[in-house]
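Survey of secondary and tertiary structure
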Amino acid sequence: MRVPGPCAECGARGAARYRCPRCGSAYCSVPCCRTHRERCTPDSPRQREREAAGHGPSPGPARSPGSLEDVLGEEDEQDRVPPQKLQLLGESEELRALLLNPHLRQLLLAIDRAQDKSSLLRKFMQEPLFVEFADCCLRIVEPPEKENVLPE
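Residues numbered from 1 in each chain as written. Predicted model: local features only at pLDDT ≥ 70, side-chain atom pairs only at ≥ 80, totals over all residues. Heavy atoms only, no water.

Taking an unreviewed UniProt entry as the reference, the protein chain is identified by name as ZNHI3 protein belonging to Rhipidura dahli.

Okay, here's the thing in structure tokens:
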């Protein structure tokens with residue numbers, strides 16, 4: 001897992017575990033978040049227009065510690081799955097069938113609630129059911145290339 005960088009507000013090294021959803025600035029704590037929020041400027045003209053019109057920040061999924069923005073930095077952008085491919089997950093009957101399993105749902109909830117998600121993921125990758133789930137997700141977002149197929 002990536003080591004957190006320095007906090008943009010207080011400068012604490014290796015402590016910036018959270019990111020501002022508006023501008024992407026990294027910070028380490030609630031006090032630093034509050035300080036940052038007071039002087040944060042939106043990073044896109046569209047966000048500025050929305051906020052000027054009184055609509056607030058752009059709507060989006062709720063962010064919590066350990067959210068995607070906290071885990072992936074700019075250098076990890078190539079690992080991010082595009083929204084179009086993520087939508088395919090919701091359309092997969094095979095994935096829906098797997099998610100009917102209460103044990104798998106409990107594993108996923110445990111990961112969502114865990115402080116140390118990466119070590120729990122490593123542990124769960126020893127569970128055949130979780131591996132089947134992960135493999136199913138990967139097949140959907142990154143279909144395997146056909147091997148040993150001769151061009152016609």
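To continue, consider the overall build of the protein chain. Within the protein chain, the regular secondary structure consists of 8 helices and 2 strands. Counted from the first residue to the last, the protein chain has its helices and strands arranged as β-β-α-α-α-α-α-α-α-α. Across the 152 residues in the protein chain, those meeting the buried criterion constitute 27%. Residue pairs in contact within the protein chain that sit at least 24 positions apart in sequence constitute 36% of those at least 6 positions apart. Working note: accessible area of the protein chain is about 11,400 Å², and carbon and sulfur atoms make up 54% of it. (Helix = DSSP H or I, 4+ residues; strand = E, 2+ residues; numbered from the N terminus. Buried < 20%, exposed > 50% of the residue type's maximum accessible area, 1.4 Å probe, protein only. Contact = heavy atoms within 4.5 Å. Areas by Shrake-Rupley, 256 points an atom, 1.4 Å probe, with all protein chains shown as cover.)

Turning to the packing of aromatic side chains, a few remarks are in order. Summed over the entire model, instances satisfying the criterion amount to 3 aromatic pairs. Of the aromatic side chains, those joined through ring pairs into one cluster are Phe 124, Phe 130 and Phe 133. (Phe/Tyr/Trp six-rings, centres within 6.5 Å; stacked < 30°, edge-to-face > 60°.)

Next up on the list: helix H7 (residues 117-124). For H7, the full list of buried residues reads Lys 117, Ser 118, Leu 120 and Phe 124. For H7, the arc enclosing every buried residue in end-on projection is 160°, short of the 170-degree limit, so these residues lie on one face. Facing away from the buried side of H7 by over 90 degrees, the exposed positions are Arg 122 and Lys 123. Next to the buried residues of H7 lie helix H6 (102-113) and helix H8 (128-141). (Arc of directions from axis to C-beta.)

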